Amino acid sequence: MEKNKTTGEVMETRVREILDRYPEGRTENLIPVLQDVQDVDGYLSEESVVEVSRHLNMPASKIYGVATFYNQFRFAPLGKYHIQVCCGTACHVLGAATVLDEIQKNIRVKSGETTKDGLFSLEVVACIGACGLAPVISINGNFHAKVTGGSIKEILDNYRNQG
Amino acid sequence: MSFLIEVNNKNIGARSGETILDVMKREGINVPTLCYIKDRFPSGSCRMCVVENTKTGRLVTACSTPVDEGMKIQTHSPRVIESRKTIVELLLSNHPDDCLYCVRNKNCELQDLSEELQVRERRIKGEKNKIHIDRSGASLVRDPDKCILCGRCVRICEEVMGVACIDFIDRGSKSFIGTAFDKSINTSSCVNCGQCIMVCPTGALSEKSHFTELISMLNNPEKTVVVQYAPSISVSLAEEFNMPPGIDINNVLNGALRKVGFKYVFDTTFAADLTIMEEAAELIDRVKNGGKLPMITSCCPGWVKFAEEFYPDMLPNLSTCKSPQQMLGAVIKSHWAEEKGAKPEDIYSVSIMPCTAKKFEAQREEMTSMGISDVDAVLTTRELGQLIRMYGIDINQIAPETNDSPLGFRSSAGKLFGATGGVMEAAIRTAYHMLTGEELVRFRIEPLRGMKGCKEASIDVNGLNLKVAVVNGLANARILLDIVKRGEKELHFIEVMACPGGCINGGGQHIGASEEAVMARMKALYDIDDKETVKVSHKNPEIIKLYESFLGKPLGRKSHKLLHTDYTKRDVLL
Ligand code: SF4
Ligand code: SF4
C-alpha cells in the first residue's frame, strides 16, 4: 500500500485513474467503467459507485440498477477463498443446482456475497470449460471435480482448517 | 396528416404521429393501461393496453404503436380480453392478496382490473414475494411485495422530480424497485415529495401514518389538541368525498375538524401571510444591502431537501424563512400557548397538509425547540378524509363554522400559496408595498399563473426592475438553477415548488385526480383571490396585531428566533 494513505484513499485514487480514461458524462461507457473498477478492486464499492456516478453524471440508483442486472458485478470484496460454481450446461445437467444449494447453506451467503469473516465469497459462473469434470467448482482457481452435495462440507472444511 | 382507421368496425379519424391509445382516448374507448403515464414517452412494458391489429393478426400495445392509414383495430375482441386477463392473472400470481388490510383497498388499479376482467380464481400460482417493508422514511412507506413493477414511480422520480433515488434492481423474476445498494429510503436522496405514491397503481407506496398516536391524543384529557390546515386543503378535500373538484369547503372543514375533536382550528394560510411579511422583508434587505441573490423560496420541504443534497452551494440563496406550517407551529407553542396559559408540552399540534414531505419537515431537528417539536403530527388530505369517515361524520350535513382566532384570519394572497406562482405573487404584492408605501395597481400577475413548469416575470418597483421566476416539478428547478449557476440569467427571486402545479397537486392529495381536477383546484384559489377584499398579507389585521403585540417587526429579534431557520448540506448517495 502507498505510504500514509488509508485503504479508502488508495481505492479512490485507483478509481480516479480509471475514470480519467473515460470522458465525463458519457453514460454509454458505464459497463466498461464498472468492469475496469471491478478488475482493480475486485468488487464495486459504494465509494467507487459514487465516483462513477459523479463522473458520468448518472444517479447512483441507475448504476446500481444496471450493475445488478448483470451477473458479473459484485458488491462485496472477494473472500480469502473465492468459490466459483459452474452452472454451464454439463454441470447443470449433473446437479450444479444441488451443489450450489449445499454451498450456500454451508457458508450461509448467496451468490455475489462474501461471508462476514471474509473467508469465502461465492459466485455463479457460466461454463468454465471443464465439462469433463462436471459438476465442477473452482476455489481460487483450483478445480474440484465431480463434486456432490455430500462432498462440499469436506472441501470447505479443508479450506477452513487452513485458516 | 389526417386519415381514417377502422376501430371496432367503425371508421374514425386519426392523425399521423398519434398512438392508437391517443385516438382511443379521444373517441372515449376505454383501453386499460398500467405502465402508461400521460404526456410521457411510452415504455410499452406492461402490455396491458394490447389491442388486435386484424390486418396483420398481431396483438400490439396501444400506448406505443403509432396509427397507420387504413389500420384495422379491435379493442375488445375475445383474444384481446383473454390476453389482458392473463396479464392480470400473472401480476396476481405473486401478489400478497391482502386487499382487506391494504391502504389502497377500494382505490387500487390492480383490483379494478381484476374486477373488470372478471378474474375469479387463482389460475397461476407463483412464489410470493418476501421483500421487507421499508418504514425507514419519515414520509414514505414502501411495501415492495405489492409492487407490480409498472415503473411509474421510477419515471416520475427521475423525469418529473429530477431525484432518481429509485430504480429497477436485479432482473427477471427477482426484480424489485429499490434505492442504490438497496439501502433504506431514509438514507437515499428521496425528497419525500410523494409523487411516486400519486402514480402507484397499488398499495406498494403510501404515506407514513400518524393515526394511532393522533387518536390517543384526541382522547387524552391532559392534551390540548390543535389543528392547522394548509391553503390548498379547503379546495381539494371535497374530492375525497366524491364531490366534483374545485369546490371550496373551508367552513365545512372547520366544522368537521371540531367534530373530530380538535379543540382549536387554525388556518395555515394565516402563517402564509406571516411568511410573506418575513420573506418580502428579507428580499428587500438582500436587494438593498447586497445580500445573496437570487433569493429562493424555502416553504416547500421537498425542495429544501433537494437543495441540501443537489445544490449545497446554493443554500445561501435560500430564504431563511421557515415554512408556514412551521411558523404557525412555532407561534402556537410559544406566543399562543403563553396567552392561553398552556404549557407547550401539553399541546399536541397537528397539521393537515397536501404534502408528504411536510411529515419529514415537522421532524427535522431544526424544527424543535428545547426538545419539543413545533408540529407533532402531519396528516395528508387523504388521511383527513379517512379520519372524517372513521368518525362517522357526514360531510354533507356539517354546519359551516369559522376558524379560531387569533391565528385564523387570512388574506387571499396567502391562499394563493396553494398553487405554483402563488408565493411569488403574494410576496411581490407585499414587497411592493414595503418598498413604495403604495399598493400595486394590478394585484394579479398573469405570467406567473397557470400550470407551466417554468414561468418568468419582471415587475417595475419604483424604477427597480424586479426579475422573478417560478418553477414547479423539481426537474424544472434543476434546469433553471443550472442556468442561474452558469450566470446565464440574472434573477432577484425564484419560487420553487417540488410538485407539478404546486401544493394543489401535492403528494398527499386525492389519488387518481386528473389534470383537469388539479386545474379546477387552482381556479378555486384564484376565484377566492378575485372575490375577497383583503388581497395582501400586510393588511391581514391579525398579522398586524401579532407584530404589534409580540413580534415587533419583520426580521426582528423574535422573528429571527421563531420564524427563521438554516440549512445544511446532506451527505446521501446521489
Ligand atoms: S417521494 Fe419523491 S423523491 Fe422520494 S422516491 Fe417518491 S418520487 Fe422519488
Ligand atoms: S411501486 Fe407502484 S408505481 Fe412503483 S413500480 Fe411498483 S407498482 Fe409501479
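Residues numbered from 1 in each chain as written. Chains lettered and ligands numbered in written order. Predicted model: local features only at pLDDT ≥ 70, side-chain atom pairs only at ≥ 80, totals over all residues. Heavy atoms only, no water.

## What to know about the interface of chain B and chain A
With 17 residues of chain B in contact, the opposing surface of chain A contributes 16 residues. When the two sides are added together, the surface that chain B and chain A hide from each other amounts to roughly 1400 Å², 60% of it contributed by carbon and sulfur. Here chain B is connected to chain A by three salt bridges. Where Lys62(A) meets Glu158(B), a salt bridge forms, and the shortest distance between an N and an O atom there is 2.8 Å. If you list the elements that add at least two residues to the side of chain B that touches chain A, you get α4 (152-160) and β7 (167-169) of chain B. (Contact = heavy atoms within 4.5 Å. Buried area = accessible area lost by both parts, 1.4 Å probe. Salt bridge = Lys/Arg side-chain N within 4 Å of Asp/Glu carboxyl O. Helix = DSSP H or I, 4+ residues; strand = E, 2+ residues; numbered from the N terminus.)

## Remarks on the environment of Gln326(B)
Residues and elements named next belong to chain B. Here Gln326 shows up in helix α10 (residues 324-340). Residue class for Gln326 comes out buried when judged on its relative accessible area of 0%. Taking the C-alpha atoms as reference points, Gln326 and Pro541, 215 residues apart in sequence, are found 21 Å from one another. Beyond its immediate sequence surroundings of up to four residues, Gln326 is in contact with Glu361, Ala362, Met367, Asp374 and Val375. (Buried < 20%, exposed > 50% of the residue type's maximum accessible area, 1.4 Å probe, protein only.)

## Thoughts on the site of ligand 1
In the vicinity of ligand 1, the contacting residues are Leu140(B), Cys157(B), Val163(B), Cys165(B), Ile166(B), Cys190(B), Val191(B), Asn192(B), Cys193(B), Gly194(B) and Cys196(B). The class makeup of the residues in the shell around ligand 1 is nine nonpolar, two polar and no charged. (Near = heavy atom within 4 Å. Nonpolar A, V, L, I, M, F, W, Y, C, P; charged D, E, K, R; others polar.)

## Some remarks on the sheet that holds strand β10 (residues 224-229) of chain B
Residue and element names in this part refer to chain B. Reading across the sheet, the four strands line up as β11-β10-β13-β16 and stay open at both edges, with parallel pairing between neighbours. The open sheet has two edge strands with one neighbour each: β11 (264-267) and β16 (377-380). Geometrically, the sheet is characterised by an average inter-axis angle of 25° between neighbouring strands, direction not taken into account. Examined bridge by bridge, β10 and β11 share four bridges and lie parallel to one another. Note that in β11 the partner of Gln228 across the bridge is Phe266. Across the sheet, helix α6 (residues 211-218) is in contact with β10, β13 (347-353) and β16; its angle to β13 comes to roughly 135°. (Pairing = 2+ DSSP bridges. Axes fitted to C-alpha atoms, helices over the stretch in contact; angles between N-to-C directions.)

## Quick notes on the site of ligand 2
Residue and element names in this part refer to chain B. With respect to spatial proximity, the complete set of residues near ligand 2 consists of Cys147, Ile148, Leu149, Cys150, Gly151, Cys153, Ile177, Cys200, Pro201, Thr202, Ala204 and Leu205. Judged by its atoms lying within 2 Å of the grid points, ligand 2 is housed in the second largest cavity. Partitioning the shell around ligand 2 into residue classes produces 10 nonpolar, two polar and no charged. (1 Å grid on protein atoms, 1.4 Å probe; cavity = no way out; pocket = protein on both sides within 12 Å on 5 of 7 lines; lining within 4 Å. Sits in = over half its atoms within 2 Å of the grid points.)

## What about the nonpolar core?
All names here are of chain B. The biggest cluster of nonpolar side chains holds 49 residues, and the ones touching the most others in it are Trp303, Leu474 and Ile494. Only α4, α5 (195-199), α9 (301-310), β18 (464-472), α15 (474-485) and β19 (493-497) provide two or more residues apiece to this core. Summarising the domain contributions, this core has at least three residues from each of domain 2 (90-207) and domain 3 (212-563). Setting aside residues up to four positions removed in sequence, Trp303 forms contacts with Ile296, Thr297, Leu318, Leu474, Leu481, Val496 and Ala498. (Core = buried A, V, L, I, M, F, W, Y, C linked by side-chain atoms within 4.5 Å. Domains from an automatic or database assignment.)

## Quick word on empty space enclosed by the protein
All names here are of chain B. Under the criterion given, the structure shown has four cavities of 30 Å³ or more. Approximately 320 Å³ is the volume attributed to the largest cavity. In terms of lining, the largest cavity is formed by 26 residues, of which the most central are Cys299, Cys300, Pro354, Lys358 and Cys503. Taken together, the elements giving at least two residues each to the lining of the largest cavity come down to α8 (268-288), α9, α10 and α11 (357-362). Of the residues that constitute the lining of the largest cavity, the class distribution is 18 nonpolar, seven polar and one charged. Here the second largest cavity defines a volume of roughly 160 Å³. Forming the walls of the second largest cavity are 16 residues, and the residues nearest its centre are Cys147, Cys153, Ile177, Ala204 and Leu205. Tallied by class, the residues present in the lining of the second largest cavity amount to 12 nonpolar, two polar and two charged. (Points joined across faces, edges and corners; volume = space filled by probe spheres on them.)

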